[in-house]
Amino acid sequence: AIVGVELFQDTVSVGSGALVGGTLTFNLTGLADATYSFDAKGYDADGNATALSVAVVITVDSLPPNAPLVTTAAGATNSATITVSRDGDATAATAELFKGGVSVGTAAYNGSGVATFNVPGLVSGNSYTFTAKSFDAALLASPLSAGVTIDYDTVAPADPAISTAAGPTNSATVVVANSGDSSAASAQLFKDGVSFGIVAYDGSGNASFNVTGLVSGTSYTFTAKSRDAAGNLSGLSPAVVIDFDNV
């Protein structure tokens, strides 16, 4: 029966002793951050040695990863998805996300070094500050990241109105009004159902489009949508039909 063992670190003996309750613990000091191979031999009461055990390779790691980055843009958003980057530190294996200082959960970094969190329970109209930590394979934690504050908004702006008059015109300018909804940041114009472009509302709540390619003697139907800073889209405006005539 085995009554004692000898431990080897990278083939060099680091100690031996008698088994207590079938085990023996070695406290190794002074190991630098590196990879080491350990194996052992057992001895019976007569000093006969067993063959070497199967080697176990461990990596000593006492250095935490760098602080990550919350890469979701600050400000208005309608998305509950928060992304964290390990900022080029390949030792970071997982990220932990915090909302207002409270842990949301952990997620593994993907091959591009990004961890994605779908955050439940966000309430439209509220602001939330997110921070994160990285953890390496040894579960050492990084410092806390800088905070990023988002303004969560899932409410669509009011439907806009096309203020250009219907009927005959020789002007290629179409004006869209935000219907008095100051949350609307820009207008998207559609000509016969096809998007023509996006223009920001001015201080008066109007967005002007200079529509190219109009052919004299042709009628066109225009509609529009509003978009707020969070990316929410309104419904479609009532249609306005113009008869373009510049002859």
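Summarised in this report is the structure supplied together with it.

**What about the overall build of the protein?**
Moving on, step 1. When helices and strands are tallied, the protein shows zero helices and 20 strands.
Moving on, step 2. When the backbone C-alpha atoms are referred to their principal axes, the protein occupies close to 115 × 35 × 25 Å.
Moving on, step 3. Counting all 247 residues of the protein, 33% fall into the buried class.
Moving on, step 4. Sequence-distant contacts in the protein: of pairs separated by 6 or more residues, those separated by 24 or more amount to 57%.
Moving on, step 5. Approximately 12900 Å² of the protein is accessible, and the part contributed by carbon and sulfur atoms is 55%.
Moving on, step 6. Looking at charge distribution, the protein has the averaged site of its 7 positive side-chain charges lying 5 Å from that of its 20 negative ones.

**Examining the packing of aromatic side chains**
The relative placement of two aromatic rings is captured by the distance of their centres and the angle of their planes.
Moving on, step 1. Under the counting rule described, the total for this entry stands at one aromatic pair.
Moving on, step 2. Ring geometry for Tyr36 and Phe38: centres 6.5 Å apart, planes at 45°, overall tilted. For the pair Tyr36 and Phe38, a shared accessibility class is recorded, and that class is buried.

**Section: the sheet that holds strand 18 (residues 206-210)**
Moving on, step 1. Spatially, the three strands line up as an open sheet ordered 13-15-18, and their pairing is antiparallel. Only two strands of the sheet have a single partner each, and these edge strands are strand 13 (161-162) and strand 18.
Moving on, step 2. Pairing between strand 13 and strand 15 (residues 173-177): two bridges, direction antiparallel. Considered in strand 15, the bridge of Ile162 is made with Val176.

**Observations regarding the environment of Tyr220**
Moving on, step 1. Tracing the backbone through its elements, the reader meets Tyr220 in strand 19 (residues 218-228).
Moving on, step 2. A relative accessible area of 7% means that Tyr220 is categorised as buried.
Moving on, step 3. Along the backbone, Tyr220 and Pro143 are 77 residues apart, and their C-alpha atoms lie at a distance of 59 Å.
Moving on, step 4. Among all residues touching Tyr220, those that are not within four sequence positions of it are Lys191, Asp192, Gly213, Leu214, Val215, Val240, Val241, Ile242 and Phe244.
Moving on, step 5. Reaching out from Tyr220, the side chain makes a polar contact with the backbone nitrogen of Val215 at a distance of 2.8 Å.

Reading the values: the criteria
Residues numbered from 1 in each chain as written. Predicted model: local features only at pLDDT ≥ 70, side-chain atom pairs only at ≥ 80, totals over all residues. Heavy atoms only, no water. Helix = DSSP H or I, 4+ residues; strand = E, 2+ residues; numbered from the N terminus. Buried < 20%, exposed > 50% of the residue type's maximum accessible area, 1.4 Å probe, protein only. Contact = heavy atoms within 4.5 Å. Areas by Shrake-Rupley, 256 points an atom, 1.4 Å probe, with all protein chains shown as cover. Lys, Arg positive; Asp, Glu negative; His and termini not counted. Charge placed at Lys NZ, Arg CZ, Asp CG, Glu CD. Phe/Tyr/Trp six-rings, centres within 6.5 Å; stacked < 30°, edge-to-face > 60°. Pairing = 2+ DSSP bridges. Polar contact = N/O pair within 3.5 Å; in protein donor to acceptor, adjacent residues only side chain to side chain.

In short, the description is geometric, and any link to function would need to be established separately.
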